[in-house]
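Residue-level structural notes
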Amino acid sequence: MADPFTGGGVIALSALLRGHRVYAQDINPWATQNLTTMLSLPLAEHLEPAVARLRAHVADLLNTAYATSFADATPATVAHTIRVAVIDCPNCSEDVRLFPSGIVSLSERVDRGGNAGWLACPSGHLQHGPADRRTRCRTCKQLIDPAARYTAGRQFRCRCGHVGRIWEAGRIRWEPTLVERTIAGRREISPPSEPELVASADASWPTQPHLPSISLGEETSVLRRYGMTRWDHVMPRRQSAVLNALIGAIDSSAAGNRVVASVLYAAVLGSVEMAGYLSRWDSRYLKPYEAVANHRYNVTTLSAEPNVWGAPQSGRGTVGRRLEHLAKAGNWYAERLGRIPNVVGPLPAGRRRSAGSRAHDVRVVVGSSTRLLASSDSIDLVCTDPPYHDDVKYGELSEIFRAWAGLDLARLDGEAVVSADGLDTADYEATLEIAFREMRRVLKPDGHLVLSYANREPTAWAALFGALQAAGFTTIGYQVVHAENDADHAKANRRACNLDVILDLVVADGRPLKRFAPPVSRVGAHEDAFCHMLGTFALRVGNLQDTWRETLKHSITTHPFVDKKKA
């Protein structure tokens, strides 16, 4: 089984667990490096001693960085330091604290009965109070509405009355405003103490090594607009210092075990997605969101710097939590497979093509899907989901990881994706066609290409269908399946598609074909009907003629799922 657009490797993992030999390829070196690690996880008994050694190497540093006390002097650990962005008003030069809303943070999660917490008035004064009704600021007497939005449209309003765009007001400063402290079974959130202010200040930590510049792209441009021009600018110096100390201790902690070292690197480098100036604090559920949540770099004005290793009962995305789960996953693999799989790679796609050794369970390849390393007629099934047109800029979103991992930050050219400053739709279709021709080459004569796709754009579907037909494929069936987007907090109640169309294609070569299609469901009527309309149209791939693009465009743009006027 082959997945030439493997990404995070879900398809590859599913195939491996079902007993198939797997070929997985991606143009992104960060994706292929981590896929190789994920599919080669050691048993917990081999990983856990190295984790303990790694923790011991940085124990004193972690104590310096995060040891604290509750208000009653009970020893505790800093779990998160929550900062508010501060700018100087261009009109009056006064500090403007950019709290995004009236509620800054509940003291207890809303789903556990929390209805009080820390509130900010329109002038940026912070106080504790009820979060379920309006109150008055005890400093300036202004009304505090917990539901009020203060930075809508990325604008601010100063007490002097001046209104402006945040990124045009000059340099942003980050002021610690709340600290989450924890021990097992206890949490406290309140303004920082003097020792906590000292520990969180950049001046308390040595200057950290500079990372590469942030490229100018569609997603990364928002970072540069807010003054973040290098990748070390996206987190406080304390967070960088702890990360660098962990990275420096990995090899000795792994004690010469290359597989264990790769797991430690994956956990430490993966944690940079919780960058302390980009990770957003959820004021109601008391947790941070990743820098790339919802497939965007969202510069926040209320950031959450995590304890890099993690604290008791808190630690989403932290190194300790990641390693704990990786140890469990290694044992789970062994239980499911009865052994540790034999994984080779990442291999460069430019090498000589071959069928690969039958001793290898998985072959991971790095390079554009326009050239596959597999030999001709060697694959039974290609199962993949090609880049969804202009929906996600995976190359830009992976830059934060590649910068810390020391990988090449050059633009990932040669893959099928549309961007504002790069490929247009015609190039997208041409690149897809080359990739699909490669998939046809590696498939056995009776092989199948199964792919999923989700989009609202008629040009995206036209490019997909046109590339498939030009590459010599014919659709023999389709299915509509439920995606995970409506269960994803970052995508729920947005315009994300909740259903995917799965296409089954073959190379016909003049032989008779039996086609299949599922019955139309009554659930999610508009989107379900939209997907069935596309599936039915896809059954024409292999015999698309004349004005099919115009017909397809009209069918998509006038459908109630796309045209909200008809919904």
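Please refer to the structure higher up on the page.
Values in this document were obtained by computation on a predicted structure and should not be read as measured data. (Residues numbered from 1 in each chain as written. Predicted model: local features only at pLDDT ≥ 70, side-chain atom pairs only at ≥ 80, totals over all residues. Heavy atoms only, no water.)

Per the secondary structure count, the protein includes 15 helices and 23 strands. Taken over the C-alpha trace, the protein has a radius of gyration of 26 Å; the compact-globule value for 567 residues is 24 Å, and the two agree within 12%. For the protein, the C-alpha atoms occupy an extent of roughly 80 × 60 × 40 Å along the three principal directions. Taken across its 567 residues, the protein has 52% of its residues classed as buried. Within the protein, residue pairs in contact and separated by at least 24 positions form 67% of the contacts whose partners lie at least 6 positions apart. Here the protein contributes 66 positive and 60 negative side-chain charges, whose respective centroids are spaced 2 Å apart. (Helix = DSSP H or I, 4+ residues; strand = E, 2+ residues; numbered from the N terminus. Rg over C-alpha atoms; globule rule 2.2 N^0.38 Å. Buried < 20%, exposed > 50% of the residue type's maximum accessible area, 1.4 Å probe, protein only. Contact = heavy atoms within 4.5 Å. Lys, Arg positive; Asp, Glu negative; His and termini not counted. Charge placed at Lys NZ, Arg CZ, Asp CG, Glu CD.)

Glancing now at empty space enclosed by the protein. Within this structure, the stated rule accounts for two cavities of 30 Å³ or more. One number sums up the size of the largest cavity: a volume of about 40 Å³. If you trace the largest cavity, you find it lined by Gln239, Leu243, Ser271, Met274, Pro306, Val308, Arg316, Gly317 and Thr318. Looking at the lining of the largest cavity residue by residue, the classes come out as four nonpolar, four polar and one charged. Quantified by volume, the second largest cavity comes out at close to 40 Å³. (1 Å grid on protein atoms, 1.4 Å probe; cavity = no way out; pocket = protein on both sides within 12 Å on 5 of 7 lines; lining within 4 Å. Points joined across faces, edges and corners; volume = space filled by probe spheres on them. Nonpolar A, V, L, I, M, F, W, Y, C, P; charged D, E, K, R; others polar.)

A few words on the packing of helix 2 (residues 29-38) against helix 8 (residues 258-270). One can describe the packing of helix 2 onto helix 8 by two numbers: an axis separation of 9 Å at closest approach and a directional angle of 130°. When the axis of helix 2 is compared with that of helix 8, the two are oblique. In this structure, the crossing between helix 2 and helix 8 has a hand that is left-handed. Contact residues: Trp30, Asn34 and Thr37 in helix 2; Ser262, Val263, Ala266, Leu269 and Gly270 in helix 8. Each residue belonging to the contact of helix 2 with helix 8 can be placed in one class, and the counts come to four nonpolar, four polar and no charged. (Axes fitted to C-alpha atoms, helices over the stretch in contact; angles between N-to-C directions. Parallel < 35°, antiparallel > 145°, perpendicular 65-115°, else oblique. Left-handed = near helix turned anticlockwise from the far one by under 90°.)

What follows deals with unusual backbone geometry. A cis amide bond, omega -5°, links glycine 345 with the succeeding residue proline 346. Within the fold, proline 346 resides in strand 18 (residues 343-348). Of note, alanine 73 is a non-glycine position whose phi angle comes to about 80°, a positive value.

Here we come to the nonpolar core. One finds Leu223, Trp231, Val234, Leu246, Leu264, Leu323 and Ile400 to be the most contacted residues of the largest nonpolar core, which totals 81 residues. The residues contacting leucine 223, other than those within four sequence positions of it, are Ile214, Met228, Trp231, Leu278, Tyr297 and Val299. Counting 53 residues, the second-largest nonpolar core is a separate cluster that includes Ala460, Leu464, Ala467 and Phe473. (Core = buried A, V, L, I, M, F, W, Y, C linked by side-chain atoms within 4.5 Å.)

With that out of the way, let us pick up the packing of aromatic side chains. Applying the stated criterion to the full structure yields ten aromatic pairs. Note on phenylalanine 530 and phenylalanine 561: the rings are 5.1 Å apart at their centroids and 40° apart in plane angle, and the pair reads as tilted. With phenylalanine 530 in helix 14 (residues 525-538) and phenylalanine 561 in the segment after helix 15 (548-557), the pair connects residues that are 31 residues apart, well separated along the chain. A single burial state applies to phenylalanine 530 and to phenylalanine 561, both of which are buried. Here phenylalanine 537 and tryptophan 548 contribute two aromatic rings whose centre-to-centre distance is 6.5 Å and whose plane-to-plane angle is 45°, an arrangement assigned as tilted. On the criterion of sequence distance, the pair formed by phenylalanine 537 in helix 14 and tryptophan 548 in helix 15 is long-range, its members being eleven residues apart. By relative accessible area, which is 5% here, phenylalanine 537 ends up buried. Three or more aromatic residues joined by ring pairs make a cluster, and in this case those are Tyr453, Trp461, Phe465, Phe537 and Trp548. The ring of phenylalanine 70 has arginine 186 sitting right over it, with the charged end atom 3.9 Å from the ring centre. Cation over ring: arginine 225 sits above tryptophan 167, and NZ or CZ is 5.0 Å from the ring centre. (Phe/Tyr/Trp six-rings, centres within 6.5 Å; stacked < 30°, edge-to-face > 60°. Lys NZ or Arg CZ within 6 Å of the ring centre and 35° of its normal.)

For the pair helix 8 and helix 9 (residues 319-337), the least separation of the axes is 8 Å and the interaxial angle reads 140°. As summarised for this structure, helix 8 and helix 9 are arranged oblique, according to the angle between their axes. Judged by the sense of rotation from one axis to the other, the crossing of helix 8 with helix 9 is right-handed. Counting all contacts with helix 8, which are made through Val263, Leu264, Ala267, Val268 and Gly270, the residues of helix 9 involved are Val319, Arg322, Leu323 and Leu326. Among the residues forming the contact of helix 8 with helix 9, the class breakdown is seven nonpolar, one polar and one charged.

As summarised here, the arrangement of the three strands in space is 6-7-8, forming an open sheet in which the pairing is antiparallel. If you trace the sheet from one side to the other, it starts and ends with strand 6 (103-106) and strand 8 (126-130), each paired once. Taken over all neighbouring pairs, the strand axes of this sheet differ in orientation by 30° on average, direction set aside. Taken together, the three bridges between strand 6 and strand 7 (residues 116-120) define a ladder with antiparallel strand orientation. If you follow leucine 106 over to strand 7, its bridge partner there is glycine 117. (Pairing = 2+ DSSP bridges.)

Further remarks concern the pattern of salt bridges. Within the structure shown, the criterion is met by 26 salt bridges. Glutamate 175 is the partner of arginine 97 in a salt bridge, and the nearest nitrogen-oxygen pair spans 2.8 Å. Taken together, the positions of arginine 97 in strand 5 (residues 95-97) and glutamate 175 in strand 13 (residues 173-183) put the pair 78 residues apart, joining distant regions of the chain. A salt bridge links arginine 441 to glutamate 438, with the nearest nitrogen and oxygen atoms 2.8 Å apart. Of this pair, arginine 441 and glutamate 438 both sit in helix 12 (residues 425-442), three residues apart, which is roughly one turn of the helix. Each of Asp72, Arg181, Arg186, Glu188 and Glu196 takes part in one network of salt bridges that share partners. (Salt bridge = Lys/Arg side-chain N within 4 Å of Asp/Glu carboxyl O.)

The values reported here are purely geometric and, on their own, carry no functional implication.
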